[in-house]
Amino acid sequence: MPHLPVALALILSLAPAGIGAVETSSGCSIDMLQAGLCNASNGPGASNRGSQVDLSQTVDLGSGGGRSPLPDTNPFGSPVHHGTTHRPSEPPPPPPDESDFPITCLDSSGGVVGGDCATFAPDPEPEPDEPEEPQIPAVITLADIASFVPTPPSVSTEPDGIAAKNMPMNSIAGSEAHTVAGDLFGLPVSVAFTPAGFRQDWGDGTMSESGTGGASWPALGQAEYTPTATSHAYAQKGTYTLTITALYTAVVDFGPYGTRPVDGVVSAPGASREIRVVEVHTALVQSDCTENPAAAGCPA
């Protein structure tokens, strides 16, 4: 058991109020001990009789006044240390609250921006660059889509490849709506072509236009060699080249950037047919000249 850090052991038994005075075994009272009236012959010890105190050594209960100082050893011969009373070690104080110090904010590069952190917004993440909007003209011209060639029409005639001088020859042209893909202004596009009419170059210096490609005489319910919207009568015998060009309206589709109509009518490459014009004479004949060429009225 470690020595108590006091000059001597003092065991006090506090008596209840009103019980007799405390005395030592040598007849010295506490007051006499305090006054220094007990000599060494009385002995250092005292017994505890109920309400009395057992003192193992005389003590100085006062402060100053010439009283005996505390001994350097206890009755057992162990040294007594005087001075500051040792106390159990206390836990370290808690760290200071952050609010005890001025607040400093730093930006993303480590620069000081001041204490107003509530209003400080960090540098935003850079947003990816959006592709620039392509520059598409409001009006697309025929020259812009010159590389987009529509399909030429089909061409047939009645009679087939032959015509009678000064008699109507019926022409029939066909075309359908279709699309052509390609690039325009650096973008992939498709051009939609819709039939809008036809242009006939009869090859004899005359031309005409029609809103339809025409139809056969039976489909129209007409007799042969009767005029139609797409017929022509040659004035001279000979061989001529009939060229029919399809006319289309066009719309360019730019995908996510919308569509643009083409200003004007697009002409498809013409389809051609060779027409042989013959002179035909009519005569009253007795029978079919093919079956009987020698019949009256037949050329033979």
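Each residue is numbered by its place in its chain's sequence as written, counting from 1. Given that this is a predicted model, residues contribute local features only at a pLDDT of at least 70 and side-chain atom pairs are listed and counted only at 80 or more, while totals for whole chains, interfaces and linings are drawn from all residues. Excluded from the side-chain calculations are hydrogens and water; all other atoms, namely the structure's heavy atoms, are used.

Undergrad: Would you take a moment to explain the sheet that holds strand β8 (residues 168–174) for this structure?
TA: Two strands in a sheet stick together by hydrogen bonds in their backbones, pointing the same way (parallel) or opposite ways (antiparallel). Should DSSP find at least two bridges between two strands, the strands are regarded as paired. To qualify as a helix, a DSSP run of H or I must reach at least 4 residues; to qualify as a strand, a run of E must reach at least 2; elements of each kind are numbered from the N terminus. Taken in spatial order, the 3 strands of this open sheet run β6-β8-β12, and their pairing is antiparallel. With partners counted over all chains shown, the strands left at the sheet margins are β6 (154–158) and β12 (231–233), one partner each. The mean angle between the axes of side-by-side strands here comes to 30°, regardless of whether they run parallel or antiparallel. Each axis is a line fitted through C-alpha atoms, taken for helices only over the stretch in contact, and angles between the N-to-C directions span 0 to 180 degrees.

Undergrad: Would you take a moment to explain the pairing of strand β9 (residues 178–184) for this structure?
TA: In the case of a regular strand, side chains alternate between the two sheet surfaces. When β9 meets strand β10 (residues 187–201), the two strands line up antiparallel, connected through 7 bridges. In the strand pairing of β10, Asp183 is matched with Pro188. The turn linking β9 back onto β10 is made up of 2 residues, and Phe185 within it adopts a positive phi angle of 55°.

Undergrad: Explain the pattern of salt bridges to me, please; I cannot follow it from the model alone.
TA: Any Lys or Arg side-chain nitrogen located within 4 Å of an Asp or Glu carboxyl oxygen qualifies as a salt bridge. Taken as a whole and assessed by the stated rule, the structure comprises 3 salt bridges. The salt bridge involving Arg199 is made with Glu209; its shortest N-O contact spans 3.1 Å. Pair noted here: Arg199 is in strand β10 and Glu209 is in strand β11 (residues 207–210), with a separation of 10 residues, a long-range link. Look at Arg199 and you get partly exposed, because its relative accessible area is 26%. Working definition: with a 1.4 Å probe on protein chains only, accessible area under 20% of the residue-type maximum means buried, over 50% means exposed, and in between means partly exposed.

Undergrad: Would you mind going over the nonpolar core with me for this structure?
TA: Across soluble globular proteins, nonpolar side chains show a tendency to be buried alongside one another. If you look at the biggest cluster of nonpolar residues, it comprises 30 residues, and the most contacted ones within it are Ile145, Tyr234, Val252 and Phe254. For this core, the element with the highest residue contribution is strand β13 (residues 238–253), accounting for 7 residues. We call two residues in contact whenever any of their non-hydrogen atoms come within 4.5 Å of each other. For Ile145, the contacting residues outside a window of four places in its chain are Ile140, Leu184, Ala250, Val252, Val262 and Val266. Definition used in this section: a nonpolar core is a set of buried Ala, Val, Leu, Ile, Met, Phe, Trp, Tyr and Cys residues joined via side-chain atoms within 4.5 Å.

Undergrad: Can you walk me through unusual backbone geometry in this structure?
TA: When glycine is set aside, most residues are seen to have a negative phi, and most peptide bonds are trans. The omega torsion of the bond from Glu158 to Pro159 falls at -10°, within 30 degrees of zero and hence cis. The residue Pro159 is located in the loop between β6 and β7 (162–164) in this model. One non-glycine residue with positive phi stands out, namely Phe185, at about 55°. Tracing the chain through its elements places Phe185 in the loop between β9 and β10. Given the relative accessible area of 36%, Phe185 is considered partly exposed. Despite not being glycine, Tyr225 shows a phi value in the positive range, around 60°.

From the geometry alone we can't say anything about function, so treat these as descriptive.
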